[in-house]
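Listed here are the chains, written in short residue letters.
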Amino acid sequence: MSSQLWWYVARASGIVAWTLTVASIVWGLALSTRALGKKPRAPWLLDLHRFLGGLAVVFVAVHLTGLFFDSYVHFGLSELFVPFASSWKPLPVAWGITGFYVLVAIEITSLLKKHLPNKFWHTIHLGSYLLYVVATIHLLTAGTDATNTPLRLACVVSVGLIVFFSIYRFIGPGRAASVRSARKPVATAGSTTST
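Criteria and cut-off values
Residues numbered from 1 in each chain as written. Predicted model: local features only at pLDDT ≥ 70, side-chain atom pairs only at ≥ 80, totals over all residues. Heavy atoms only, no water. Helix = DSSP H or I, 4+ residues; strand = E, 2+ residues; numbered from the N terminus. Expected span 1.5 Å × (residues − 1). Phe/Tyr/Trp six-rings, centres within 6.5 Å; stacked < 30°, edge-to-face > 60°. Buried < 20%, exposed > 50% of the residue type's maximum accessible area, 1.4 Å probe, protein only. Polar contact = N/O pair within 3.5 Å; in protein donor to acceptor, adjacent residues only side chain to side chain. Contact = heavy atoms within 4.5 Å. Core = buried A, V, L, I, M, F, W, Y, C linked by side-chain atoms within 4.5 Å. Salt bridge = Lys/Arg side-chain N within 4 Å of Asp/Glu carboxyl O. Axes fitted to C-alpha atoms, helices over the stretch in contact; angles between N-to-C directions. Left-handed = near helix turned anticlockwise from the far one by under 90°.

K.L.:
Summarise helix H1 (residues 5-32); cite the residues concerned and give the values.
P.N.:
In a regular helix each residue adds 1.5 Å, so 28 residues correspond to 40 Å; H1 covers 40 Å between its end C-alpha atoms and thus fits that length. A positive backbone phi angle near 65° is found at arginine 34, which sits one or two residues after H1.

K.L.:
Tell me what's going on with the packing of aromatic side chains, and back it up with residues and numbers.
P.N.:
According to the stated counting rule, one finds eight aromatic pairs in the structure shown. Seen in terms of ring centroids, phenylalanine 164 and tyrosine 168 are 5.9 Å apart; in terms of plane orientation they differ by 25°. Their pairing is stacked. Note that phenylalanine 164 and tyrosine 168 are positioned in helix H7 (residues 149-171) at a spacing of four residues, about one turn of the helix. By relative accessible area, which is 47% here, phenylalanine 164 ends up partly exposed.

K.L.:
Explain the side chain of threonine 109 to me, using residue names and the numbers behind them.
P.N.:
With respect to the helices and strands, the residue threonine 109 is situated in helix H4 (residues 90-111). Look at threonine 109 and you get buried, because its relative accessible area is 9%. There is a polar contact of 2.8 Å between the side chain of threonine 109 and the backbone oxygen of alanine 105. Beyond its immediate sequence surroundings of up to four residues, threonine 109 is in contact with Leu116, Phe120, Trp121 and Ile124.

K.L.:
Outline the nonpolar core, listing residues and values.
P.N.:
Counting 15 residues, the largest nonpolar core has Val60, Leu67, Phe75, Leu80 and Leu131 as its most contacted members. Looking at this core, the elements with two or more residues in it are H1, helix H2 (43-69) and H4. The biggest single contributor to this core is H4, with five residues. Those residues within four positions of leucine 80 in sequence are excluded, and the remaining contacts are Leu64, Leu67, Phe68, Phe75 and Ile97.

K.L.:
Could you give an account of unusual backbone geometry, with specific residues and numbers?
P.N.:
Backbone phi values are negative for most residues with the exception of glycine, while trans is the configuration of most peptide bonds. Phi angles above zero are rare outside glycine, and phenylalanine 84 is one such case at about 70°. The topology assignment puts phenylalanine 84 in the loop between helix H3 (77-81) and H4. The exposed category is assigned to phenylalanine 84, whose relative accessible area is 56%. Although it is not a glycine, lysine 89 sits at a positive phi angle of roughly 45°. With respect to the helices and strands, lysine 89 occurs in the loop between H3 and H4. Here lysine 89 falls in the partly exposed class, since its relative accessible area comes to 33%.

K.L.:
Go over the pattern of salt bridges, please, and point to the residues and values.
P.N.:
Scanning the entire structure with this criterion turns up two salt bridges. A salt bridge links aspartate 145 to arginine 11; the shortest N-O distance between them is 2.8 Å. Of this pair, aspartate 145 sits in the loop between helix H6 (127-142) and H7 while arginine 11 sits in helix H1, and the two are 134 residues apart along the sequence. A salt bridge links aspartate 47 to arginine 50, with the shortest nitrogen-to-oxygen separation between them at 3.9 Å. Pair noted here: aspartate 47 and arginine 50 are both in helix H2, with a separation of three residues, about one helical turn. Given the relative accessible area of 47%, arginine 50 is considered partly exposed.

K.L.:
An account of the environment of tryptophan 6 is requested, with residue identities and associated values reported.
P.N.:
Tracing the backbone through its elements, the reader meets tryptophan 6 in helix H1. Taking the C-alpha atoms as reference points, tryptophan 6 and glycine 66, separated by 60 residues in sequence, lie 4.8 Å from one another.

K.L.:
I'd like a rundown of the packing of H2 against H4, residues and numbers included.
P.N.:
Where H2 contacts H4, the two axes come as close as 11 Å, and the packing angle between them is 145°. Considering the relative orientation of H2 and H4, their crossing is left-handed. Every residue of H4 that contacts H2 at Arg50, Gly53, Gly54, Ala56, Val57, Val60 and Leu64 is listed here: Phe100, Leu103 and Glu107.

Below is the structure:
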């Protein structure tokens, strides 16, 4: 067994975790902008978004495990979970730790969505933008693969997709439809509305 096995596990799982996180964010934006239609016709479309987010958490756990067992750089529990505790690239590692906490907050509140006020859930879920930024900074500054051309290209493409869907969310036809439906008067018990 190679002495660098855990380092390869940490690197590979970190890249996979970032890819899954971006895929979940882009897919969630595509659903929320109504770019796929007014209502997704199949429940699996939303389930895919949830699955990608959950799988990202699993690969972050694998990433942390790989770092913990790697012998090249020491990562104990404090270095893995406390920003600036690591003496190896403290700022890039702190970006990753911040991203971990944002990801966990988004995932936990998503699992508890039915039990939380919608506004609170939505506010936490908007943290996906922050997650994308800090995870990408971590990927490009802490990782040894930052000079990898396909990885850089993936970062550029992900920025393009997130910017496109974010703009589409605010000015696209799906946004206009959601604003119109929110402005319609809500009928209450005993009242009548004309249609």
